[in-house]
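What the coordinates show
Next come the chains, spelled out residue by residue.
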Amino acid sequence: MRLIPFALAFSSVASVATAQTPVLNVLTYDSFTSEWGPGPAVEAAFEAVCACDLVFSAVGDGAELLARLQLEGARSDASVVLGLDTNLTAQATATGLFAPHGQTAGNDLPVPFADPNFLPYDWGYFAFVYDKTKLATPPTSFQELAASDLKVVIQDPRSSTPGLGLLLWVKAAYGDSATEIWAALADNIITVTPGWSESYGMFTAGEADMVLSYTTSPAYHLIAEDDATKAAAPFTEGHYMQVEVAGKLANAPQPELADQFLTFMGTDAFQSVIPTTNWMYPAHTPATGLPDGFDQMITPAKSLLMTADEAQSARTQALDEWLTALSR
Amino acid sequence: MADRAVTLIAAGLAAAVLLLLLAPLAALGLSTRSLALSEAELAALRFTLMQAALSAGLSVMLAVPVARALARRRFFGRDVLVATLGAPFILPVIVAVLGLLAVFGRAGWVNNGLALLGLPAFSIYGLQGVVLAHVFFNMPLAVRMILHGWQAIPAERFRLAASLGFTPAATLRHIEGPMLRAVLPGAALVIFVICLTSFAVALTLGGGPRATTVELAIYQALRFDFDLGAAARLALLQFALCAAAYAVATRISLPLGFGAGQGRTGGPPAPNGWRRGLDAVFITAAALFLALPLLAVVLNGVPGLRHLPASVWDAVLAAAVRSTLIALASTALALSAALVFALAAARGKGWPALAATLPLAASSLVLGTGLFLILQPLFRPADLALPVTMTINALLALPFAFRILLPETRTIYADYHRLGASLGMTGRAWLRWVVIPRLARPMGFAAGLVAALSMGDLGVIALFAGEGQATLPLLVQRLMGAYRLEAAASAALLLVLISFALFWAFDHWGRRYADA
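Residues numbered from 1 in each chain as written. Chains lettered and ligands numbered in written order. Predicted model: local features only at pLDDT ≥ 70, side-chain atom pairs only at ≥ 80, totals over all residues.

We now examine the overall build of chain B. Check the secondary structure of chain B and you find 20 helices and zero strands. Each principal axis of the C-alpha atoms in chain B carries an extent, and together these give about 65 × 60 × 50 Å. Taken over 516 residues, chain B has a buried fraction of 54%. (Helix = DSSP H or I, 4+ residues; strand = E, 2+ residues; numbered from the N terminus. Buried ≥ 20, exposed ≤ 12 C-beta atoms within 10 Å, placed from the backbone.)

All right, on to the overall build of chain A then. Helices and strands together make up the secondary structure of chain A, namely 13 helices and 12 strands. Computed over the C-alpha atoms, the radius of gyration of chain A is 20 Å, within 12% of the 20 Å expected from 2.2 N^0.38 for a compact globule of 328 residues. In terms of overall dimensions, chain A has C-alpha extents of about 65 × 45 × 30 Å along its principal axes. Relative to its 328 residues, chain A shows a buried fraction of 57%. Put simply, 80% of the contacts in chain A that link residues at least 6 apart link residues at least 24 apart. (Rg over C-alpha atoms; globule rule 2.2 N^0.38 Å. Contact = placed C-beta atoms within 7 Å.)

The next subject is the domain arrangement of chain B. Residues and elements named next belong to chain B. Here chain B is described as being made up of domain 1 (1-30 + 307-516) and domain 2 (37-256 + 275-301). Look at where the C-alpha atoms of domain 1 and domain 2 centre, and you get two points 20 Å apart. Each side of the interface is counted separately: domain 1 has 44 residues, and domain 2 has 46 residues. Put simply, the parts of the chain that give the side of domain 1 that touches domain 2 at least two residues each are helix H16 (364-375), helix H17 (385-422), helix H18 (427-456), helix H19 (472-481) and helix H20 (485-515). (Domains from an automatic or database assignment.)

Below, the discussion takes up helix H2 (residues 39-72) of chain B. The end-to-end C-alpha distance of H2 of chain B is 50 Å, a good match for the 50 Å that 34 residues give at a rise of 1.5 Å each. Ala63 of chain B marks the point of greatest bend in H2 of chain B, at about 30°, and the proline Pro65 of chain B comes within the next four residues. (Expected span 1.5 Å × (residues − 1). Bend = angle between axes of the 7 residues up to and from the residue.)

Time to look at the nonpolar core. Residues and elements named next belong to chain B. Ala338, Phe341, Ala401 and Ala446 are the most contacted members of the largest nonpolar core, which totals 284 residues. It is helix H7 (residues 127-152) that provides the largest number of residues to this core, a total of 16 residues. Sequence-distant contacts of Ala401, defined by excluding residues within four places in its chain, comprise Ala334, Leu335, Ala338, Ala446 and Val450. (Core = buried A, V, L, I, M, F, W, Y, C linked by C-beta atoms within 7 Å.)

Moving on, we come to the domain arrangement of chain A. Residue and element names in this part refer to chain A. By domain assignment, chain A separates into domain 1 (6-123 + 242-291) and domain 2 (124-240 + 295-327). A C-alpha centroid distance of 27 Å is found between domain 1 and domain 2. Contacts between the two partners involve 20 residues from domain 1 and, on the opposite side, 19 residues from domain 2. Listing elements by their share of the side of domain 1 that touches domain 2, those giving two or more residues are helix H4 (62-72), helix H5 (89-94) and strand S10 (239-249).

Our focus in this paragraph is the packing of helix H7 (residues 161-174) of chain A against helix H13 (residues 308-327) of chain A. All names here are of chain A. Remark: H7 packs on H13, axes separated minimally by 9 Å, with the N-to-C direction vectors making an angle of 95°. As far as their axial angle goes, H13 and H7 are roughly perpendicular. Contacts between H7 and H13 involve Leu164, Leu167, Leu168 and Lys171 on the former and, on the latter, Ala311, Ala314, Arg315, Ala318, Leu319 and Trp322. Residues belonging to the contact of H7 with H13 are distributed by class as follows: eight nonpolar, no polar and two charged. (Axes fitted to C-alpha atoms, helices over the stretch in contact; angles between N-to-C directions. Parallel < 35°, antiparallel > 145°, perpendicular 65-115°, else oblique. Nonpolar A, V, L, I, M, F, W, Y, C, P; charged D, E, K, R; others polar.)

Let's shift gears to the packing of H2 of chain B against H7 of chain B. Residues and elements named next belong to chain B. Running from N to C, H2 and H7 cross one another at 40°; their axes reach a closest spacing of 6 Å. For the element pair H2 / H7, the angle class is oblique. Handedness of the H2/H7 crossing: right-handed. Among the residues making up the contact of H2 with H7, the classes are represented as 20 nonpolar, six polar and one charged. (Left-handed = near helix turned anticlockwise from the far one by under 90°.)

Contact residues are listed per partner, giving 45 residues for chain A and 45 residues for chain B. Breaking the side of chain A that touches chain B down by element, the ones donating at least two residues are helix H1 (6-16), helix H2 (30-33), strand S2 (53-59), H4, strand S7 (189-193), helix H9 (196-204) and H13 of chain A. Class assignment of the residues belonging to the side of chain A that touches chain B gives a composition of 21 nonpolar, 14 polar and 10 charged.

This part is about unusual backbone geometry. A positive phi is found at Trp279 of chain A, a non-glycine position, where the angle reads about 50°. Looking at the secondary structure, you find Trp279 of chain A in the loop between helix H12 (268-271) and strand S11 (281-282). Trp279 of chain A gets classed as buried once you count the C-beta atoms within 10 Å, which come to 24. Residues other than glycine seldom take positive phi values, yet Tyr483 of chain B does so here, at roughly 70°. Looking at the element boundaries, Tyr483 of chain B is found in the loop between H19 and H20.

Within the secondary structure, Ala184 of chain A sits in helix H8 (residues 178-185). A sequence separation of 81 residues divides Ala184 of chain A from Gln103 of chain A, and the C-alpha atoms of the two residues are 45 Å apart.

Attention shifts here to the confidence of the model for chain A. The predicted model of chain A averages 90 in pLDDT, with 94% of residues at 70 or higher. Ignoring residues within four places in sequence, the model shows residues 1-18 of chain A, a span with pLDDT below 50, making 23 contacts including any to other chains. (pLDDT = per-residue confidence, 0-100.)

Tracing the sequence through the fold places Gly163 of chain A in helix H7. Once residues within four sequence positions are removed from consideration, Gly163 of chain A is found in contact with Ile154, Gln155, Asp156 and Pro157 of chain A.

Our focus in this paragraph is the pairing of S2 of chain A. Residues and elements named next belong to chain A. When you tally the buried positions in S2, you get seven out of seven residues, the bulk of the element. Direction of pairing for strand S1 (residues 23-29) relative to S2: parallel, over a ladder of seven bridges. Its bridge partner being in S2, Val26 is matched across the sheet by Phe56. (Pairing = 2+ DSSP bridges.)

Structure representation (structure tokens):
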């Protein structure tokens, strides 16, 4: 298990006292800054080159991040917001709080991706994860899953970003027939949890055969726990992607540092931390490649991703269909 | 005696409570222009009311025989059992849910047992699971409140009844019945309102969006739609439901009027024969229902303790120290306010009870968001983390403290008020010599509950948390978010142990002091 020394997490506290050092505030979600997330290593690496003090402040998850930003408005003392996904960026752009990043560097995403306001730092595929010792032949599509008597646990799109991702996954794969798929899946869904953690906890406790998570989730068990029993089931419809992005605020107190941070985000020092802390794919594959174990993750035959605008206009109707189908 | 002073202080406190509860709604831009509910919101309202009514009714119904059995029996382990009754209530939601699932879930002990016997499986997912979980959380609370009621009946009453040859039925009607009529509506009210704002339990065990509560609709308004006005409207609806429930409970409830005893309480007489067997059944069943999920929490948490990285222990220690300090400060605040409200309510005023009940119906998300909007232009939110956390914890714990203190405060007032007045006692002397000694038992329990609750709350304060201020619940959440489920279970176990230790220390003090 690769654990970042705890002291690193607090190393910034000591440097706050020096008044001349500029402070770059980055607003992000909680698991990014936690001791087990990328935050501590990213902070140490950036502070080594920026002559600044990088301070993360964190809220629950991506959706909460957007709500927090809307509450703070132009008063926010953050210069960078890190951790929205592309299902939320249309709404984020509409707030008018973001400034164009002006960067031209590309990325290694499996689909073309460019946004004038947001730069990706990692990405992953949503997938249903199962235990190979308990389930020999996993379903290969939503239809097979719906026809089986397997029990899955998913997350609520109203309170969780993966939950919203699943909603758009089904919508992207099935369009107008999404309602029928949800109706057919209803008896497979034992329950819907408010967030990812509760679902994953229930899955590992043996309550469900499969859980909505990521294709890279088994990498955690493989690398950190030396446990090869977990796997993600490839679906023939393709897998919807989550692309996590960061952007600069128009009212950034430190616009130059913000630009420097967004550039740094694309370098190996940042990207090489991502796979084994956020358990996602880095947006730029580092020179050293991916850690051992990631090669065993499934590669979906087809990558699904709505543009920010498509996601924004699809989600309200998709939510209504979801609620109707599962409330019967 | 300082009757008017108490009423004045209570009025000031009530105004402060209302301001704390309603200002956030105003900050969110509550417009009363369109109060009509959408179809989905009506469905959420129906489900919310149904599960809350079922949970409160069942919790109280089941609590009465258990409390009575505990009041009249003495057995080995009774003290431990009475103390443990506080435990389910103070469990963090996700920990409790995983504990309940280990017992009642698809792969749980009960279903494994049923399968061995060739019986069909029990599904916890649905309304039955929501109610089961709410009864698990709240029935023990009801038992403790009703037990206080039984213990507050002066021993002379039971002796008088015995010398008059009362049958058990007559004792129930003339002595225990009036006590239940005074205590049960309040207990049911508290549980009903707690369940009104349930969200994670209802959704997780409810099996999906069928189990949408008003609180989840608020979540959707704030997180999915970012419609602040809609969230404020739904939050107002919760307050209205709470006020309506309060009005109903007040109509049903009757004040006690036994007259003063000699301050001795021995509990009701303990009949032998089949009643003894029945009491044993009630106590055993309740103990198993509570202990098995708790045991599962312990079993989940123990294996990870050995592998917990040193950094986690450091964080656990730091978070525990911080949480304990917050808990102590919140307890002092909540208990003082509750005592003032209870004294004012004992003087026959209705509004202190309403003011001390409304915080239960507060949506913590709306409260936190509103306070954030109010304070953020003036302060850095992270600078306010400590005072906001203490105030909000105290506010949210006030209803419990008040409800626990109220029945005995009323009795004291009815029994000793004139005596105190005739002796010309000052307010302070009256508190010192009459009120505090007789309130020790409920005060200890209330303080324990408040302290333990303050350890666990995350909702409101999340918006104000800054860097390096990880509380234990936040740490548990972070571990879970980082796939460290085993470590999370261990950290959760430590959280539960510290909460319970705090609860036990206060509660034990109260019971020792009262028995002395």
